[in-house]
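Examination of the molecular architecture
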Amino acid sequence: MILKRSTLALLLLFFVGTTAIAQPSLYFGNELYKDQKFKRAIPYYLKAVKAKPKLTTIEYLADCYRLTNDYAEAAKWYERATAFQKCRSIDYYHWGMMLKTLRQYDLAKEKFSYWGARDILHIALADKMQASCDSAKYWVNTSKKVFVRPELGLNSRYTDFGAVAFKTGVVF
């Protein structure tokens, strides 16, 4: 009887403890996400996912990696998100985009296909995204190497912005 109570107490402590760890991490992660501080939100989401892997937390974590340009990690977390049956259809789109960025064109086409099948409003766009993978694959394999050199009188050594048509003029 004493053994059963101690085992029950340990189990209760374990589940309450992991929930207690996950909640503050998730709260801080969500606050940072709302403030668009995605890089700072990542460790909190990682801790929350480790304690209690929930779909929304995994989706936010994947979004954080995507929005901080860590495409390999984003792809990994979108893959985990799509393992859940109730994932957002846009997760397949984002996963496809991450794979396309990583030059995994065949896999990206597959994810765009899943996205189109799950989201009937975007079937035509999903088809275009699949075609863009074919196009990218073609150009990567057949294009000539091009070297871009800065124009001395126009470019600086810092990030430059291109001209964009705006209303009746051009802005930089």
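The structure displayed is predicted, hence computed values, not measured ones. (Residues numbered from 1 in each chain as written. Predicted model: local features only at pLDDT ≥ 70, side-chain atom pairs only at ≥ 80, totals over all residues. Heavy atoms only, no water.)

Broken down by element type, the chain carries seven helices and two strands. The secondary structure elements of the chain, listed N-terminal to C-terminal, are α-α-α-α-α-α-α-β-β. Counting across all 172 residues of the chain, residues that qualify as buried make up 28%. Partitioning the intrachain contacts of the chain with sequence separation of at least 6 by distance along the chain shows that 41% fall at a separation of at least 24. When the accessible surface of the chain is totalled, it reaches about 12,700 Å², and 61% of it is carbon and sulfur. (Helix = DSSP H or I, 4+ residues; strand = E, 2+ residues; numbered from the N terminus. Buried < 20%, exposed > 50% of the residue type's maximum accessible area, 1.4 Å probe, protein only. Contact = heavy atoms within 4.5 Å. Areas by Shrake-Rupley, 256 points an atom, 1.4 Å probe, with all protein chains shown as cover.)

This part takes up the confidence of the model for the chain. Within the chain, residue pLDDT values average 85, and 84% of them lie at 70 or more. For the chain, per-element mean pLDDT is lowest for helix α1 (residues 2–34), which scores 64, and highest for helix α4 (residues 71–82), which scores 97. Low confidence marks residues 9–22, where pLDDT is under 50. Its contacts with residues over four positions away, or in another chain, come to six contacts. (pLDDT = per-residue confidence, 0-100.)

Here the focus is the pattern of salt bridges. With the rule as written, the count across this model stands at nine salt bridges. Of the charged contacts in the structure, one is a salt bridge between Glu73 and Lys76, with a shortest N-O distance of 3.2 Å. Of this pair, Glu73 and Lys76 both sit in helix α4, three residues apart, which is roughly one turn of that helix. A salt bridge links Arg88 to Asp91; the nearest nitrogen and oxygen atoms lie 2.7 Å apart. Exposure remark for Arg88: the relative accessible area of 29% places this residue in the partly exposed category. A single network of salt bridges, built from pairs that share partners, joins Glu59, Asp63, Arg66, Arg88 and Asp91. (Salt bridge = Lys/Arg side-chain N within 4 Å of Asp/Glu carboxyl O.)

Our next topic: the packing of helix α6 (residues 105–118) against helix α7 (residues 123–142). At a closest axis distance of 8 Å, the pairing of α6 and α7 adopts a crossing angle of 175°. Relative to α7, α6 is oriented roughly antiparallel. Facing Tyr105, Asp106, Ala108, Lys109, Phe112, Ser113, Trp115 and Gly116 of α6, the residues of α7 in contact are Ile123, Leu125, Ala126, Met129, Gln130, Cys133, Asp134, Ala136, Lys137 and Val140. (Axes fitted to C-alpha atoms, helices over the stretch in contact; angles between N-to-C directions. Parallel < 35°, antiparallel > 145°, perpendicular 65-115°, else oblique.)

Leu61, Cys64 and Trp77 are the most contacted members of the largest nonpolar core, which has 30 residues in total. For this core, the secondary-structure elements that each account for two or more residues are α1, α2 (38–51), α3 (55–67), α4, α5 (89–101), α6 and α7. For this core, the element with the highest residue contribution is α3, accounting for six residues. Apart from residues lying up to four places away in sequence, Leu61 is in contact with Ile42, Tyr45, Leu46, Val49 and Trp77. (Core = buried A, V, L, I, M, F, W, Y, C linked by side-chain atoms within 4.5 Å.)

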